[in-house]
Amino acid sequence: MVFVRFLIPCFVIGTDTVFSCQNTDDFTDASSPGDIVIGGLFAVHSAMLRPEEYPIKPGIQNCAGFEIQIFLQTLAMIHAIEMINNSTLLPGVTLGYEIYDTCADVTKAMVSALKFLAKHNSSKDVVELKCNYSDYIPRIKAVTGASYSEVSMAVSRLLALQLIPQVSPASSAEILSDKIRFPSFFRTIPSDFHQTRAMAHLICESGWNWIGVIATDDDNGRFALESFGVQAMANNVCIAFKEMLPAYLSDNTFHSKVDHAIEKIVNETRVNVIVVFMRQFHVLRLFKKAIERNVNKIWIASDNWSAAVKISTIPGIRQLGTVVGFGFKSGNISTFQDYLRNLHEKPTDNNKFLREYIMLLSVCAHLEYHDFQMCISNQSQDDLLQNVENKHQIWRDDFLNANIEPGFIHGTILAVYAIAHAIKGKCKDRNCKDPSAFMPWELLEELKKVTIIDDDKEIKFDSNGDMSINYDVLLWKEIDGHVEITTMAEYDPEKGGFIFEDEEKKKEFLDLKKIQSTCSQHCRPGQMKKVTESPHTCCYECVYCPENHYSNQTDMDYCYRCNNKTYWAPVNSTTCYRKTIHFLTWTDWFAIFLLLLSAFGVVLVLLITVIFTKNVNTPVVKASGGLTVCYIILFSHFLIFLSTVFFIDEPTEFKCKTRQALFGISFALCISCILIKSLKILLAFSFDPKLQNFLKCVYKPVPTVVICTGIQVIICTFWLIFRTPFVEQNFSIPRAIILECNEGSIVAFGIMLSYIAALAFICFIFAFKGRKLPENYNEAKFITFGMLIYFISWVVFIPVYATTFGKYLPAVEIIVVLISNYGILCCTFFPKCYIIIYKQETNTKSAFLKMIYTYSTKSAGSVAGSQIYLDSKSSSSRATVSESCKSEKNSVNGNCHFQLPGQKLVKGRVLPKNTAGTMVRKRVSSI
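Engineer: Which residues make up the side chain of Ser312, and what values go with them?
Structural biologist: Turning to its location among the elements, Ser312 is positioned in helix H8 (residues 309-312). What makes Ser312 buried here is its relative accessible area of 4%. Not counting the four nearest positions on each side in its chain, Ser312 is found in contact with Ile317, Trp476, Val483 and Ile485.

Engineer: How would you sum up the nonpolar core? Please name residues and give values.
Structural biologist: Counting 68 residues, the largest nonpolar core has Phe663 and Met787 as its most contacted members. Broken down by element, the residue count for this core peaks at 14 residues, all from helix H25 (residues 809-838). Apart from residues no more than four positions distant in its own chain, Phe663 is found in contact with Ile640, Ser643, Met752, Leu753, Ile756, Trp794 and Val817. Core analysis: the next-biggest nonpolar cluster, separate from the first, contains 66 residues, Ile70, Leu400, Ala418 and Phe461 among them.

Engineer: Tell me what's going on with the pattern of salt bridges, and back it up with residues and numbers.
Structural biologist: Applying the stated criterion to the full structure yields 27 salt bridges. Asp218 serves as the salt-bridge partner of Arg279, at 3.2 Å between the closest nitrogen and oxygen. Of the two residues, Arg279 is situated in the loop between strand E11 (273-277) and helix H7 (280-292) and Asp218 in the loop between strand E9 (210-216) and helix H5 (219-234); the sequence distance between them amounts to 61 residues. With its nearest N and O atoms 2.9 Å apart, the salt bridge here joins Arg222 to Asp219. Of the two residues, Arg222 and Asp219 both sit in helix H5, 3 residues apart, roughly one turn of that helix. The exposure class assigned to Arg222 is partly exposed, which follows from its relative accessible area of 38%. For Asp219, a relative accessible area of 24% gives the class partly exposed.

Engineer: Report on the sheet that holds strand E17 (residues 482-492), specifying residues and quantitative values.
Structural biologist: Two pairing modes exist for strands in a sheet, parallel and antiparallel, and in both the strands are linked by backbone hydrogen bonds. Read from one edge of the open sheet, 8 strands run E10-E9-E11-E12-E13-E16-E17-E18, paired in mixed fashion. The sheet terminates laterally at strand E10 (238-245) and strand E18 (497-499), the two strands that pair on one side only. Strand after strand, the sheet turns through a mean of 25° between neighbouring axes, direction not considered. In the sheet, E9 pairs with E11 via 4 bridges, with the strands oriented parallel. Note that in E11 the partner of Val213 across the bridge is Val275. Sheet strands touched by helix H4 (residues 192-205): E9, E11, strand E12 (297-301), strand E13 (321-328), strand E16 (471-479), E17 and E18. Its angle to E13, the strand with the most contacts, is close to 145°. Lying on the sheet, H5 is in contact with E9, E10 and E11; it crosses E9 at an angle near 160°.

Engineer: Got a sec to walk through a nonpolar patch on the surface? Specific residues and values, please.
Structural biologist: A contiguous nonpolar surface patch, about 410 Å² in accessible area, is contributed by Phe785, Leu788, Ile792, Val796 and Val800. As for its placement among the helices and strands, Val800 is situated in helix H24 (residues 779-803). Here Val800 falls in the partly exposed class, since its relative accessible area comes to 33%.

Parameters and conventions
- Residues numbered from 1 in each chain as written.
- Predicted model: local features only at pLDDT ≥ 70, side-chain atom pairs only at ≥ 80, totals over all residues.
- Heavy atoms only, no water.
- Helix = DSSP H or I, 4+ residues; strand = E, 2+ residues; numbered from the N terminus.
- Buried < 20%, exposed > 50% of the residue type's maximum accessible area, 1.4 Å probe, protein only.
- Contact = heavy atoms within 4.5 Å.
- Core = buried A, V, L, I, M, F, W, Y, C linked by side-chain atoms within 4.5 Å.
- Salt bridge = Lys/Arg side-chain N within 4 Å of Asp/Glu carboxyl O.
- Pairing = 2+ DSSP bridges.
- Axes fitted to C-alpha atoms, helices over the stretch in contact; angles between N-to-C directions.
- Patch = residues over 30% accessible without salt bridge, like charges linked within 9 Å, V, L, I, M, F, W, Y side chains within 5 Å.
- Areas by Shrake-Rupley, 256 points an atom, 1.4 Å probe, with all protein chains shown as cover.

Everything listed here is a matter of geometry and, on its own, says nothing about what the molecule does.
Encoded structure:
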């Protein structure tokens with residue numbers, strides 16, 4: 001066949017003019033009589049020509065641009081009606097049809113709608129003006145169409161006057177779901193709400209957020225753009241630019257606006273995805289310009305042109321990029337394909353569309369595909385008629401099958417069957433051969449309840465008059481050098497998700513993510529978006545998550561905050577990390593060091609105990625208060641060393657309560673005993689009678705120790721009862737949790753330490769008083785040093801403890817406890833141990849008595865000398881002590897009484913010769 005190349009499955013066949021309108025009968029383009037007539041409105045031609053004369057006169061102009069795809073929809077309607085007439089769906093009733101060409105123009109469509117409203121069997125096509133159309137019988141009972149939403153909006157408002165049902169297979173504008181404004185409108189497809197949402201989902205799942213939109217400047221384009229804008233915003237997709245192209249090709253600005261749109265696409269280098277809501281003839285012009293400019297993008301096609309074979313076969317379409325579109329899910333249309341194969345046998349008398357198609361096919365069949373457009377644009381009506389006379393009729397049924405858009409064909413057939421089922425419901429108990437058997441408004445109510453079985457699935461209109469069917473996600477891909485339109489996935493509007501037939505299809509879908517179309521680079525996990533000065537939220541900077549914050553996904557608007565108590569995160573983190581629990585463990589080197597010091601202290605206590613036990617009868621041990629007092633003091637030192645163990649390892653309630661109480665009571669016991677020793681020493685070597693009397697009253701060893709220690713026990717008991725220490729988690733360190741003991745009450749802790757300090761201070765005062773003791777019996781001086789060490793260590797402890805935090809805080813207290821405990825232990829017992837071990841010659845009774853005798857003699861001489869010095873300074877009227885005693889014979893056993901002038905009687909003592917020996921014996925017995 002010499003015309004094989006012609007049979008490429010997509011092109012627009014058209015003429016400059018088509019059969020001028022001479023009378024009203026010329027409006028009808030295809031018709032067939034029947035008992036019940038259904039109207040059809042299809043834009044078989046893409047444009048209505050504008051008059052060139054001036055001034056413009058009202059009239060119906062000629063149409064141009066034959067649309068094969070919509071011509072096929074008219075054939076689908078005719079085929080469906082013929083199928084119904086040949087079936088048992090409407091027994092005894094024949095359906096007829098009147099199909100009109102709207103030429104994609106509202107004005108032309110309104111003229112056709114007026115014919116539909118004309119009264120039945122009227123000699124003239126006149127619409128009667130009435131207040132009530134309930135009994136009005138128009139020439140048709142229902143309408144199928146129109147092809148475009150803008151036309152359907154206008155026609156539906158007119159048909160609503162008589163509530164004539166209108167079922168469209170193609171008008172998808174969301175506004176048509178409004179049953180208040182369009183009460184008689186139905187459609188066999190979903191509204192654009194679902195399509196724009198599906199587009200937004202596709203864009204979002206592909207990782208795109210910076211896109212461009214091009215739409216026609218008509219009702220359909222504006223409503224689609226508005227709906228898509230809402231869906232895009234809901235899916236965090238930003239529209240970089242919006243371009244509106246004139247709805248009519250005859251508009252003088254059309255080409256300049258196409259150029260401007262292409263320039264915008266070229267300049268927006270970050271925009272690699274373009275959404276197109278346009279009619280097919282608009283897309284043809286746009287793509288030709290884009291091919292000339294070598295534009296390569298991803299194009300998201302609306303249902304108007306997603307399955308348009310005439311666009312997919314444009315020369316150079318492959319270099320344009322990738323086309324992904326949404327088309328209506330199709331059912332089985334095999335019977336229609338068979339119908340097309342036998343179309344050449346059908347009569348053409350009542351079908352102007354078919355006659356025109358045959359004429360155009362004959363004229364242009366000898367040309368290659370690339371010359372089709374020139375053929376279409378250069379043919380005039382006269383040339384068309386003349387050329388047809390010289391051409392043999394050539395018929396290729398496969399050409400029409402190749403140009404089928406299954407979704408629209410299936411939708412058209414569904415529309416006719418929906419009307420037929422509604423008619424069946426009305427004709428159950430009526431004679432439907434009678435035109436007045438039912439009115440259109442009654443058919444409208446029946447249509448709302450219609451259920452159609454399609455491919456074993458029940459389909460019906462929802463409350464908005466829409467049919468909920470799925471979308472096919474179409475992918476244009478190159479196969480054997482040609483661009484084929486394939487089904488990549490299916491979109492379910494109800495569930496809002498994509499369905500894939502197999503893994504290969506899913507891979508094709510995922511491959512779309514390889515193309516980047518974003519205003520900004522994707523923020524990696526660990527980063528978040530920081531909005532810039534751009535008005536679009538998709539344009540941002542990526543900044544690191546701050547400390548203790550994280551992000552685990554790409555393009556996060558903000559970073560999640562970690563639970564600061566138990567988790568932490570570094571800067572630029574993708575997760576939170578659990579904080580490590582810190583405390584002073586047994587294995588810590590510093591803890592080991594402190595434990596060794598404590599253990600060494602315990603060893604010293606045991607050694608001293610052994611030394612004192614072996615030398616229990618020596619003067620040094622006896623002078624230290626005896627073995628019982630030493631044992632008590634050593635035992636308290638042992639408990640203090642032992643208390644340090646409770647400061648180490650994981651804190652528990654028991655440890656927190658025990659460590660401070662044990663330390664406080666043990667220290668109080670230790671210092672109480674040392675206080676008794678200080679009092680005893682001072683009492684033994686004090687020569688001041690007043691001080692001696694006071695010391696004799698105070699010196700009660702057992703009660704004093706019990707009372708002093710008991711007060712500390714009471715303090716600790718109240719502390720443990722009312723504000724007991726407890727285990728606390730310290731979160732002050734960013735990456736760690738410090739387990740520590742909260743003392744419960746700092747006041748109670750302070751009172752405990754202050755009480756020990758008070759005891760130590762009293763002990764210090766008494767020891768200081770007795771610091772000038774015999775050279776070999778210098779215990780008071782060492783007690784004084786021990787108390788000074790205690791004071792210094794705890795004075796230093798307070799600021800250090802207040803400013804230290806972390807797991808080594810217990811170690812600070814351990815150090816202070818060890819220093820003060822070692823200081824008192826060493827100062828109390830080391831000098832005695834030194835004498836016991838290295839100065840054994842001084843640790844005898846004779847040496848001890850000699851040392852005390854020498855000290856007492858010196859002390860007694862000092863006291864007598866002081867007394868004589870004072871007496872010598874007395875008034876001359878006073879007599880000496882001895883003379884007074886002799887002359888006045890007031891002496892009794894060496895005692896005398898005398899009175900100074902102006903003073904009371906003073907009792908004095910005359911020291912006999914053996915006074916020194918007597919004092920020595922008394923001091924020894926006291927010690």
